[in-house]
Amino acid sequence: MMFCFQCEQTAGGRACTGRAGVCGKTADVADLQDRLTGALIALAKSNPARSEALDRKVILGLFTTVTNVNFDAAGIERAIDGILAESGGAPPYDMEKLWSAPEDIRALKSLILFGVRGMAAYAYHALVLGHADEGVNGFLYTALSAVGDDAIGQEELLPLVLGTGEANLKCMELLDKANTEAYGTPEPTKVTQEVEVGPFIVVSGHDLHDLKLLLEQTEGRGVNVYTHGEMLPAHAYPGLKKYAHLKGNFGTAWQNQQKEFADVPAAFLFTTNCLMPPKDSYAGRVFTTAAVGYPGLTHIGEDKDFWPVIEKAIGLGGYPSARAIPGVNGGTSVTTGFGHGAVLSAAEAVVGAVKAGAIRHFFLVGGCDGARPGRNYFTDFVKMAPADTMILTLACGKYRFNDLDIGEIGGLPRILDMGQCNDAYSAIKVALALADAFGCGVNDLPLTLVLSWYEQKAVSILLTLLHLGIKNIRLGPSLPAFVSPAILDFLVANFGIAPTTTPAGDMKAILG
Ligand code: SF4
Ligand code: SF3
């Protein structure tokens, strides 16, 4: 029987234990993912001779087990074999020992394991752009060894939990550097949600390098490219927006893909999470690459020859007339590109607006989107935010409100999309700069974080915020099932973490 409780939609708010998880992962695949994790732990404990190639395998192995990345038993089995070949004959660690450990130990180890899974995805995106960091990669082995240490106690695990956040901060910084060195500093960019006539490809996930390669391979072929989900911020990078055939954004967040992809005459490429099990009606048009996999779908391998995707798009032909795919609130365009570069270049104006009373408060409303009905909270919260407040946002949770026009303050839109989830790094840089400008600590700023989580990247980001000592974060739509009552008490007592309640109640509590 499977056991998985790593994401927000876990069955009954406790754990997925039946024949398949809520995400569609089967018990067989869940077992293989456990075996892969167990193999990675055994490898880390065997003190292997590290190399770039080995680090890459470990990073990819961890990334593979993130929610909605890989449902393909055959591919995961190959990954297991690849890891076992490196671990000097040590058998995989038995993950059952983790899932049945005393609940506080299990909670702390889960925070570490799920945190490094999320972090590994970011490390992978940086790696394909030629950037690696020994502090980041070395920590993966340290973390895995600790998770597989049956004698380790809470006193040793707690610093590793915050250490995961620290390593992830380094990792997000590395990815920020990798992205901006490769594609330039993001600039505020309005993106249409209207699809033009003719063949097109929709690219989802977080990997900008894959998008770039696809843009190169489609150039001059009469095939347009649209972003989906977490790929939206790509439009803001000079090195990507220069491609005239990168046309716009398609659809909303990941949980709507089964509805939004049905009957669309286009090819879809998933470079990372969040892939949902495709419906038969469109499965033949979906392609995967890198760590993503699903049985029966065509996988684009390491050679990154995207011709099968391009050929599919050409064959399908696209829409016969232009078509708008409006956002959740009916809007047909969205704006992105307010990373730290853009926001800090307007810092003087922002600080002036705060001092003059034009901006009363900043909210960071961001994180993952998901299927739960309670996620309307984030739409309602933004709609309810008074006109003298700014909304910083990032990751796919922004689709709940990024098509709303809620006006501007001093020439800046009130909703500032800072980018993908890893661009939480931008939010951190901006918060630190504001604290500096006002001569106070981040916790004394008129800033509140209202975060939505779903998968393990959100776990790694939350740990980064805790590592930075950021307090009073509101977290929703529900708290992680893997955090035990005692560990939750610890987080509440030391960091003031609070579950979201109602938009009106939270707004009142925050603004007084
Ligand atoms: Fe369940 Fe989430 Fe695990 Fe999928 S990833 S099996 S939905 S807990
Ligand atoms: Fe979304 Fe899956 Fe988390 Fe990068 S795409 S944030 S959920």
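Basis of the calculations
Residues numbered from 1 in each chain as written. Chains lettered and ligands numbered in written order. Predicted model: local features only at pLDDT ≥ 70, side-chain atom pairs only at ≥ 80, totals over all residues. Heavy atoms only, no water. Pairing = 2+ DSSP bridges. Helix = DSSP H or I, 4+ residues; strand = E, 2+ residues; numbered from the N terminus. Buried < 20%, exposed > 50% of the residue type's maximum accessible area, 1.4 Å probe, protein only. Right-handed = clockwise from strand over helix to strand, strands pointing away. Near = heavy atom within 4 Å. Nonpolar A, V, L, I, M, F, W, Y, C, P; charged D, E, K, R; others polar. Domains from an automatic or database assignment. Core = buried A, V, L, I, M, F, W, Y, C linked by side-chain atoms within 4.5 Å. Contact = heavy atoms within 4.5 Å. 1 Å grid on protein atoms, 1.4 Å probe; cavity = no way out; pocket = protein on both sides within 12 Å on 5 of 7 lines; lining within 4 Å. Points joined across faces, edges and corners; volume = space filled by probe spheres on them. Axes fitted to C-alpha atoms, helices over the stretch in contact; angles between N-to-C directions. Parallel < 35°, antiparallel > 145°, perpendicular 65-115°, else oblique. Phe/Tyr/Trp six-rings, centres within 6.5 Å; stacked < 30°, edge-to-face > 60°. Left-handed = near helix turned anticlockwise from the far one by under 90°.

Trainee: Give a description of the sheet that holds strand 11 (residues 361-367) that names residues and reports values.
Mentor: Across the sheet, which stays open at both edges, the six strands sit in the order 15-12-11-16-17-18 with parallel pairing between neighbours. The open sheet has two edge strands, strand 15 (415-417) and strand 18 (498-499), and neither has a second partner. Of the strand pairs in this sheet, strand 12 (residues 389-393) and strand 15 are connected by three bridges, and their pairing is parallel. Following the sheet pairing, Thr-393 is matched in strand 15 by Asp-417.

Trainee: Please provide a residue-by-residue account of the pairing of strand 16 (residues 447-452), values included.
Mentor: Regular strands place their side chains on alternate faces of the sheet. The buried count for strand 16 comes to six of six residues, which makes it a mostly enclosed element. Burial along strand 16 is two-sided: the face carrying Leu-447, Leu-449 and Leu-451 and the face carrying Thr-448, Val-450 and Ser-452 are both buried. Here three bridges tie strand 16 to strand 17 (residues 474-476), and the two strands are oriented parallel to one another. Paired with Ser-452 across the two strands is Gly-476, which belongs to strand 17. The parallel pair strand 16 and strand 17, bridged by helix 17 (residues 456-467), forms a crossover whose chirality is right-handed.

Trainee: Please give an account of the site of ligand 2 that cites residues and values.
Mentor: Taken together, His-206, Glu-230, Trp-254, Asn-273, Cys-274, Cys-368, Ala-395, Cys-396, Cys-421, Tyr-454 and Glu-455 make up all the residues around ligand 2. For the shell around ligand 2, the per-class residue count stands at seven nonpolar, two polar and two charged. The residue makeup of the shell around ligand 2 includes at least three contributed by each of domain 2 (189-324) and domain 3 (337-511).

Trainee: Break down the nonpolar core for me, with residues and values.
Mentor: Core analysis: the largest hydrophobic core is formed by 170 residues, its most contacted members being Leu-62, Leu-113, Phe-200, Ile-201, Leu-211, Leu-240 and Phe-250. A total of 15 residues in this core trace back to one element, the largest contributor, which is helix 5 (residues 103-128). Contacts of Leu-211, omitting those with residues within four sequence positions, involve Val-203, Val-225, Met-231, Ala-234, Leu-240 and Leu-246. Of all hydrophobic cores here, the second largest spans 14 residues; its members include Val-365, Phe-381, Leu-404 and Ile-510.

Trainee: Explain empty space enclosed by the protein residue by residue, including any values.
Mentor: For the structure on display, the rule yields eight cavities of 30 Å³ or more. Computed from the structure, the largest cavity encloses a volume of approximately 290 Å³. Lining the largest cavity are 29 residues, with Leu-364, Leu-449, Leu-451, Ile-461 and Leu-465 sitting closest to its centre. Put simply, the parts of the chain that give the lining of the largest cavity at least two residues each are strand 11, helix 16 (424-438), strand 16 and helix 17. Counting residues per element, the lining of the largest cavity draws most heavily on helix 16, which supplies six residues. Across the lining of the largest cavity, the residue classes tally to 24 nonpolar, three polar and two charged.

Trainee: Which residues make up the packing of helix 1 (residues 27-45) against helix 6 (residues 134-147), and what values go with them?
Mentor: The contact between helix 1 and helix 6 brings their axes to 8 Å, and the two run at 110°. Relative to helix 6, the element helix 1 lies roughly perpendicular. Each of Leu-40, Ile-41, Ala-44 and Lys-45 in helix 1 lies in contact with helix 6, whose residues at this interface are Tyr-141, Leu-144, Ser-145 and Val-147.

Trainee: Can you lay out the packing of aromatic side chains for me, pointing to particular residues and giving the numbers?
Mentor: Under the counting rule described, the total for this entry stands at 24 aromatic pairs. With centroids separated by 5.7 Å and ring planes inclined at 80°, the aromatic side chains of Phe-5 and Trp-99 adopt a geometry described as edge-to-face. Linking Phe-5 in the segment before helix 1 with Trp-99 in helix 4 (residues 96-99), this pair joins segments that are 94 residues apart in sequence. Relative accessible area serves as the criterion here: at 8%, Trp-99 is assigned to the buried category. Ring pairs connect the aromatic residues Phe-200, Tyr-226, Phe-250, Phe-261, Phe-268, Phe-270, Tyr-282 and Tyr-319, which therefore count as one cluster.

Trainee: Which residues make up unusual backbone geometry, and what values go with them?
Mentor: Each neighbour pair has its own omega, and for Asn-273 with Cys-274 the value is 10°, a cis peptide bond. Despite not being glycine, Ala-395 has its phi angle at roughly 70°, a positive value. One can find Ala-395 in the loop between strand 12 and strand 13 (408-409). For Asn-472, which is not a glycine, the phi torsion comes out positive at approximately 60°. In this structure, Asn-472 sits in the loop between helix 17 and strand 17.

Trainee: Break down the layout of surface pockets for me, with residues and values.
Mentor: Looking at the largest pocket, its volume works out to about 530 Å³. Lining the largest pocket are 25 residues, with Leu-60, Gly-75, Ala-79, Ala-290 and His-299 sitting closest to its centre. Put simply, the parts of the chain that give the lining of the largest pocket at least two residues each are helix 2 (52-64) and helix 3 (73-84). A per-element tally of the lining of the largest pocket places helix 3 first, with six residues. Each residue belonging to the lining of the largest pocket can be placed in one class, and the counts come to 10 nonpolar, 10 polar and five charged. For the lining of the largest pocket, the domains that each give at least three residues are domain 1 (28-182) and domain 2 (189-324).

Trainee: Got a sec to walk through the environment of Leu-60? Specific residues and values, please.
Mentor: You can see Leu-60 is positioned in helix 2. Expressed as a C-alpha distance, the spacing of Leu-60 and Arg-117, which sit 57 residues apart in the sequence, is 9.4 Å. If near-sequence neighbours (up to four positions away) are discounted, Leu-60 is found in contact with Tyr-124 and Ala-291.

Trainee: Describe in detail the packing of helix 14 (residues 347-355) against helix 16, supporting the description with residues and values.
Mentor: Remark: helix 14 packs on helix 16, axes separated minimally by 11 Å, with the N-to-C direction vectors making an angle of 55°. Relative to helix 16, the element helix 14 is oriented oblique. For the pair helix 14 and helix 16, the sense of crossing is right-handed. When helix 14 is examined against helix 16, the residues Val-350, Val-351, Val-354 and Lys-355 are found in contact with a partner set consisting of Leu-434, Ala-437 and Phe-438. Residue composition of the contact of helix 14 with helix 16, by class: six nonpolar, no polar and one charged.

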